[in-house]
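One-letter residues, chain by chain:
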Amino acid sequence: MNRYTRTDLAAELDLGDRSDVGETTERFGKVKASTIEIRTEGAAKRLGKPRGKYITIDVGKIWLASDHDFEKAVDVTADKLKQLSCELCGHLPERVLIAGLGNRNITADALGDKTVGLLTVTRHIKLYSKELFEMFGGCEISAVAPGVLGQTGIETAELILGAARSVEPELVVAIDSLCARSTDRLATTIQLGSSGISPGSGIGNRRRSLDANTLGVPVLALGIPTVVDSSTLVIDALERAGIEDISPELERVLNNQRSFYVTPKETDTIISELSRLCAKALGLAFIKNRGQTASSLT
């Protein structure tokens, strides 16, 4: 049945042999952070994901959470963003370009665009008033929401490369909607990755990758699953019912329905809250002397 299931989440992969894959888990109150590190090319080929580190933060249904739980999720996400950024750059980067991927006209795909719209960008402030910029105590932040190929006629990677050449960031953070295997992970999981991202991968429409090879600087991917493939949904239900074999008739139906995607009915509210969480976490992650850390949360 696995040929009908697809996911962008490292946490949903069958890791198999652990000799070339590392896995750790931390808990911060109600928030859990799990890290999977794919260490070799052999493991990357076996798992179908590039080598690198994947941090999965389980925040639950944040759109229903209390203010306290929301802020806790923000703090943990910010700390993990800062941790991965420092690992990729060797230090907290001074200049960061944040790219919000996706189609702003499709709610489930608008996470990146909406997050960018809520960010506090500071590059222009530094250009015109260094004193005011230093009052923020943060990194130089610039942002772009390039839309999708069908809207611009230009590959997303080309637009972001052009922006990167102009602002010369030390790090690019790419935000995108992802696809989950399990409905339990829809909008409840944040994945941070060190190996970049392929725009459109959440709906099986992979474009040119955004990574260190294409942009010339490290790319940190921030993704949240907002859709489930319809065939995957059917297979997941069958497996939960203990049905392992599928008939030729069902197989034909599954093959014909692979272009359909399912998203929660509260998607408008969900994307609004998740984009607010992402924007706030990104703002905190790149403050140079931030005091509170996730490990201090209770």
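The coordinates are above.
The text that follows walks through the structure, step by step, so that each part is easy to find. One numbering rule holds for all chains: residues counted from 1, following each sequence as written. Side-chain atom pairs in this predicted model are given and counted only at pLDDT of 80 or more, local residue features only at pLDDT of at least 70, and totals for whole chains, interfaces and linings cover all residues. With hydrogens and water set aside, each side-chain value is computed from the structure's full complement of heavy atoms.

Let us look at the pairing of strand β8 (residues 219-229). Working definition: with a 1.4 Å probe on protein chains only, accessible area under 20% of the residue-type maximum means buried, over 50% means exposed, and in between means partly exposed. Only DSSP runs of H or I with at least four residues qualify as helices, and only runs of E with at least two residues qualify as strands; both kinds are numbered from the N terminus onward. Along β8, 11 of the 11 residues are buried, which leaves the element largely enclosed by surrounding structure. A pair of strands is labelled paired if DSSP reports no fewer than 2 bridges between them. Pairing of strand β6 (residues 171-180) with β8 involves nine bridges; the strand directions are parallel. Among the inter-strand pairings, Ala174 is bridged to a residue of β8, identified as Ala221. Sheet topology places strand β7 (residues 189-193) next to β8; three bridges connect them, and they run antiparallel. The residue bridging Leu192 from the neighbouring strand is Leu222, located in β8. With two bridges connecting them, β8 and strand β9 (residues 261-262) associate as antiparallel partners.

The backbone of Glu168 sits at a positive phi, close to 50°, despite the residue not being glycine. Inspection of the secondary structure puts Glu168 in the loop between α7 (156-167) and β6. Relative accessible area serves as the criterion here: at 55%, Glu168 is assigned to the exposed category. Residue Ala187 is not a glycine yet carries a positive backbone phi of 65°. Relative to the elements of secondary structure, Ala187 occurs in the loop between β6 and β7.

Bringing the nonpolar core into the picture now. Side chains that are nonpolar tend, in soluble globular proteins, to be buried together. Residues grouped as a nonpolar core are buried Ala, Val, Leu, Ile, Met, Phe, Trp, Tyr and Cys residues, joined through side-chain atoms within 4.5 Å. Ile57, Ile98, Val173, Leu192, Leu222, Leu282 and Phe286 are the most contacted members of the largest nonpolar core, which totals 42 residues. We call two residues in contact when some of their heavy atoms are within 4.5 Å. The residues touching Leu192, leaving out its near neighbours within four places in the chain, are Lys53, Tyr54, Ile55, Ile57, Thr77, Lys80, Leu81, Leu84, Leu220, Ala221 and Leu222. In terms of nonpolar packing, the next biggest core, distinct from the first, is built from 22 residues, Leu9, Leu97, Ala163 and Leu178 among them.

Attention now goes to a nonpolar patch on the surface. A surface patch of nonpolar side chains, about 330 Å² in accessible area, is lined by Leu132, Met135 and Phe136. Within the fold, Met135 resides in helix α5 (residues 130-136). On the basis of relative accessibility, which here comes to 68%, the residue Met135 falls in the exposed class. Two distance rules govern patches: like charges are joined within 9 Å, and nonpolar side chains (Val, Leu, Ile, Met, Phe, Trp, Tyr) within 5 Å, applied only to residues with over 30% relative accessible area and no salt bridge. Surface exposure here means Shrake-Rupley accessible area, sampled with a 1.4 Å probe, where a residue is shielded only by the protein chains that are shown. Whenever Lys or Arg places a side-chain nitrogen within 4 Å of a carboxyl oxygen from Asp or Glu, that contact is recorded as a salt bridge.

Looking now at the pairing of β7. Burial within β7 is extensive, with five of its five residues counted as buried. Where burial is concerned, the two faces of β7 agree: the one with Thr189, Gln191 and Gly193 and the one with Ile190 and Leu192 are both buried. The pairing of strand β3 (residues 52-58) with β7 spans five bridges and is antiparallel. Considered in β7, the bridge of Ile55 is made with Leu192.

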